[in-house]
Number of protein chains: 2
Amino acid sequence: MSVTTTATIASFGGKLLKLSHAATTTKCEMKFNLFLPPQTQQGKIPVLIYLSGLTCTADNCSEKGFFQHAASKKGIAVLYPDTSPRGLNIAGEDDSYDFGSGAGFYVDATKAPYNAGYNMYSYVTEELPKTVFDAFPQLDASRVSITGHSMGGHGALTLFLRNPGKYKSVSAFAPITNPINCPWGQKAFAGYFGDDQNKWKEHDATELIKKWSGGALDILIDVGTGDNFYKQGQLLPENFEAAARDAGLSVNIRYQPDYDHSYYTMATFADDHVEHAAKYLFA
Amino acid sequence: MSVTTTATIASFGGKLLKLSHAATTTKCEMKFNLFLPPQTQQGKIPVLIYLSGLTCTADNCSEKGFFQHAASKKGIAVLYPDTSPRGLNIAGEDDSYDFGSGAGFYVDATKAPYNAGYNMYSYVTEELPKTVFDAFPQLDASRVSITGHSMGGHGALTLFLRNPGKYKSVSAFAPITNPINCPWGQKAFAGYFGDDQNKWKEHDATELIKKWSGGALDILIDVGTGDNFYKQGQLLPENFEAAARDAGLSVNIRYQPDYDHSYYTMATFADDHVEHAAKYLFA
């Protein structure tokens, strides 16, 4: 698939590329951003995928997340996908901030009408990486880590846990860790999957970690204690932590005093998450 | 004057406060942001004022400029003023992106109808600092530096050059350095001052540096060679550099390859500008 470059922006010694391509899985033109660090001239470089939260495009974190700061120093490319298909003209897809456009939840919908293109799971795990590695041979397809925020934190955790070995590491900011038990997740999974609770569990990080057989885990999660969505029970990190503990696994959940759900939190701790990924990408 | 706190946001170990107050000079409620670094508990801390460019509010740089990153480490507060009065209901004030609302140009207008409140020079040099230092006694009114972007770079340079000794240091990103000779400046000065060319020169950095008598200068300026406004002759840093050289003064203008006019540039070099300010704030 060919990739169209709509902008090339100098950033932290590297280049932030704004790109788009005609995606087969999502049946529409998909925009995404790719940060190439200055080390791109020095051999194959690893990739950190950042999955965004509800309402976001690839641009929000590119502008406000501060990942380029550390990625530039470490020599890591950062891939910022969009959060849903766009413009499929499905009735109602633009009506809610937490379902449809901007809210693909990194699943392949099985229920009509969203099964006509809402395939963000296949898009992010297969089509987008293939497109990117074909177009940018200087990137190393064998070294990919994943992270994300909120809905994107859910995406990062579930994609990692469903695919042992596919990603070198995972981390998350304020992730939705138990969507089958929170309003955001219940609305999304009912809309994308219908009533099949087994299907819901296949995309729930807390359920997935109970069945993890991929060996020791080192998952870094930051949650702000001032995060209103945490307080409202949308994130439920305690459930994830308990499930991990019951499975004999440890996860490093840092409850950051007063931090909220915004990009101010990501910017503050982005360096730590890039460092976490670097530990495994350069192991 | 009392200050209203509308939000307190954890950021880089400190607090970003969203504030507002009823301003006398600009005859309206003015919003601004203030970053307090974690060292605020450890005695008086110095302040860096960041002046924003056309169309911006205090929020743009707070979210995308990443001054908090270095300011947090150094122990410097960052004050982000708005760029104009708001809601004065002057006919036409919202019609242009480069004049009126969001485009106060850090001058006191002398021409009607804008002389009814477009007094951003007095606001930024006098009223806002007085308000802030009264409300936050942990800040050190004797140690203030100034920086800014584009129109705000013009503001930083002219406020510094008009007030020897008031600011400990100055730097700028892509500043409008010779407004009397560029379209943005000519439009703004005609609208705020009328035809009096002497008045125009009083707010032109290139004219002001010719008459500077404050001793040696150490001005840091970053301009991107990919900046379309630089290419269009809106910034004219070469004029400023030549005037400085003719006056026997040196300025450090760094032409950054490929960087554009956006916050991606500020984010990349913000650490350097905070470092530049710190050298003088902690001298």
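Structure first, text after, so check above.
Residues numbered from 1 in each chain as written. Chains lettered and ligands numbered in written order. Predicted model: local features only at pLDDT ≥ 70, side-chain atom pairs only at ≥ 80, totals over all residues. Heavy atoms only, no water.

A. Representation of the pairing of strand β3 (residues 28–36) of chain A in the model. Residues and elements named next belong to chain A. Here β3 lies mainly inside the structure; seven of its nine residues are buried. Bridge count for strand β2 (residues 14–23) against β3 is nine bridges, and the pairing is antiparallel. Within β3, the position partnered with Ala22 by the bridge is Glu29. In textbook terms, the turn of a hairpin is the stretch between consecutive antiparallel strands, and for β2 and β3 this stretch comprises four residues, one of which, Lys27, has a positive phi near 60°. Taken together, the four bridges between β3 and strand β5 (residues 77–81) define a ladder with antiparallel strand orientation. When the sheet's bridge partners are listed, Phe32 is paired in β5 with Pro81. (Buried < 20%, exposed > 50% of the residue type's maximum accessible area, 1.4 Å probe, protein only. Helix = DSSP H or I, 4+ residues; strand = E, 2+ residues; numbered from the N terminus. Pairing = 2+ DSSP bridges.)

B. Here's a closer look at the interface of chain A and chain B. The partner chain B presents 20 residues to the 22 residues of chain A that form the contact. Between chain A and chain B lies a buried interface of about 1900 Å² when both sides are counted; carbon and sulfur atoms form 59% of it. At the junction of chain A with chain B, the criterion picks out four salt bridges. Across the salt bridge formed by Asp258(B) and Lys15(A), the nearest N and O atoms sit 3.0 Å from each other. Looking at the side of chain A that touches chain B, the elements with two or more residues in it are β1 (4–11), β2, α1 (58–64), α2 (67–74) and α10 (263–281) of chain A. For the side of chain A that touches chain B, the element with the most residues is α10(A), which contributes four residues. Its residues placed into classes, the side of chain A that touches chain B shows nine nonpolar, seven polar and six charged. (Contact = heavy atoms within 4.5 Å. Buried area = accessible area lost by both parts, 1.4 Å probe. Salt bridge = Lys/Arg side-chain N within 4 Å of Asp/Glu carboxyl O. Nonpolar A, V, L, I, M, F, W, Y, C, P; charged D, E, K, R; others polar.)

C. Examining the packing of α2(A) against α10(A) more closely. Residue and element names in this part refer to chain A. Taken N-terminus to C-terminus, the directions of α2 and α10 make an angle of 30°; their axes are 7 Å apart at the nearest point. In terms of their interaxial angle, α2 and α10 are classed as roughly parallel. Seen from above, α2 lies across α10 with right-handed handedness. Here Phe67, His69, Ala70, Ala71 and Lys74 of α2 lie close against α10, whose contacting residues are Met266, Ala270, Asp271, His273, Val274, Glu275 and Ala278. Considered class by class, the residues forming the contact of α2 with α10 number seven nonpolar, two polar and three charged. (Axes fitted to C-alpha atoms, helices over the stretch in contact; angles between N-to-C directions. Parallel < 35°, antiparallel > 145°, perpendicular 65-115°, else oblique. Left-handed = near helix turned anticlockwise from the far one by under 90°.)

D. How the structure looks around unusual backbone geometry. In the segment running from Ala112(A) into Pro113(A), the intervening peptide bond is cis, with an omega of 0°. You can see Pro113(A) is positioned in the loop between β5 and α3 (120–135). In this structure, Thr55(B) takes a positive phi of about 80° despite not being glycine. Checked against the element boundaries, Thr55(B) lands in the loop between β4 (45–51) and α1 (58–64). A relative accessible area of 49% means that Thr55(B) is categorised as partly exposed.

Read these as geometric descriptors, not functional statements.
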